[in-house]
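# Remarks on the overall topology
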Amino acid sequence: MFITFEGPDGSGKSTAIKSLSDFLSKEGIDFLLTREPGNPHNQASKKIREIILNNNHKIPDMTEAFLYAADRKMHLDTVILPALSEGKVVLCDRFVDSSMAYQGEGRKLGIDTVRKINEIVIEGKYPDLTIFFDISPEQSKIRVDDRAPKDRLELAGEDFHQRVYQGYLKLIKMFPKRFKVVDATKSRKEVFEDVKNLVVDKIESLKEK
Ligand code: TYD
């Protein structure tokens, strides 16, 4: 089973995923935790991450979309698909929806264009479940501002992050079956509980099939 986590920068995604991993380990569930860009299982991916996020780099928007897509292709072929074929639950912090929201809407390349680029990459391998951490751009900005230093995407400006958020809302409408929304403004404990319940329900529902 393939589960992805999406949301604006500063949505508390990483904290909730960490708690979820601890929970799944205790339950004895065989899972693999990974992320984009730059999954930790592949040295070359880490280099692509450095290229994309380095503040000193000037990268044209379409090139940025292809860099994320190239990283994704390697990630799928060398990490995600092998783990899925071993029957593992794969938890991925950001995936194709990040490209459609950030490059499609944020960079204004268009969701359809970015979707087309990525269809060659993912070949229909959309997640079984995508959990969206819902927090307004205004609130997430307060959280990101508390962190330092900021990467190239975090520095992209308020209008950019507004468009990213609107992009996610469009994606939720485009893919209503796999998207589930969690209120990321709640307490850490409540957010974790909501995420855990969604994941446990999904695992149970697939077992029943
Ligand atoms: P990261 O530090 O991993 O952010 P987070 O903890 O918020 O997930 O940085 C990844 C950045 O890259 C983040 O700002 C979102 C952006 N991104 C894209 O623009 N397109 C993509 O396809 C992906 C996977 C990420």
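Up top you'll find the structure we're talking about.
These notes cover the structure that comes with them. (Residues numbered from 1 in each chain as written. Predicted model: local features only at pLDDT ≥ 70, side-chain atom pairs only at ≥ 80, totals over all residues. Heavy atoms only, no water.)

## A closer look at the overall build of the protein
- The helix and strand tally for the protein stands at eight helices and five strands.
- Reading the protein from its N terminus to its C terminus gives the helix and strand order β-α-β-α-α-β-α-α-β-α-α-β-α.
- Taking 17 Å as the expected radius of gyration for a compact globule of 209 residues, we find that the protein reaches 16 Å, a close match to that expectation.
- Taking the principal axes of the C-alpha coordinates as reference, the protein spans close to 45 × 35 × 30 Å.
- For the protein, the proportion of its 209 residues judged to be buried stands at 50%.
- Across the protein, contacts joining residues at least 24 apart in sequence account for 78% of those joining residues at least 6 apart.
- When the accessible surface of the protein is split by element, carbon and sulfur atoms take 52% of a total near 10,400 Å². (Helix = DSSP H or I, 4+ residues; strand = E, 2+ residues; numbered from the N terminus. Rg over C-alpha atoms; globule rule 2.2 N^0.38 Å. Buried < 20%, exposed > 50% of the residue type's maximum accessible area, 1.4 Å probe, protein only. Contact = heavy atoms within 4.5 Å. Areas by Shrake-Rupley, 256 points an atom, 1.4 Å probe, with all protein chains shown as cover.)

## A few points about the environment of E105
- Its location among the elements puts E105 in helix α4 (residues 96–106).
- Considered as a pair, E105 and Y165 are 60 residues apart in the sequence and their alpha carbons are 8.7 Å apart.
- Ignoring anything within four residues of it in the chain, the contact list for E105 reads M100, I111, R163, G167 and K170.

## Looking at the sheet that holds strand β5 (residues 179–183)
- Read across the open sheet, the five strands follow the order β2-β3-β1-β4-β5; overall the sheet is parallel. The sheet is open, and its two edges are formed by β2 (31–35) and β5, each paired on a single side. Pairs of neighbouring strands in the sheet enclose a mean axial angle of 20°, with direction left out of account.
- Pairing of strand β1 (residues 2–6) with strand β4 (residues 129–134), which is carried by four bridges, proceeds in the parallel orientation. Its bridge partner being in β4, I3 is matched across the sheet by L129.
- With respect to the sheet, helix α1 (residues 13–26) is in contact with β1, β2, β3 (89–93) and β4, its orientation differing from that of β3 by roughly 165°. (Pairing = 2+ DSSP bridges. Axes fitted to C-alpha atoms, helices over the stretch in contact; angles between N-to-C directions.)

## Observations concerning the pattern of salt bridges
- What the rule picks out here adds up to 18 salt bridges.
- Between R72 and E36 there is a salt bridge whose closest N-O contact spans 2.7 Å. Note that R72 is positioned in helix α3 (residues 61–85) and E36 in the loop between β2 and α2 (43–53), a separation of 36 residues in sequence.
- Residue R72 is classed as buried on the basis of its relative accessible area of 1%.
- E36 sits in the buried class, given a relative accessible area of 5%.
- A salt bridge links K186 to D194, with the nearest nitrogen and oxygen atoms 2.8 Å apart.
- Through salt bridges with shared partners, a single ionic network connects D61, E64, R107 and R152. (Salt bridge = Lys/Arg side-chain N within 4 Å of Asp/Glu carboxyl O.)

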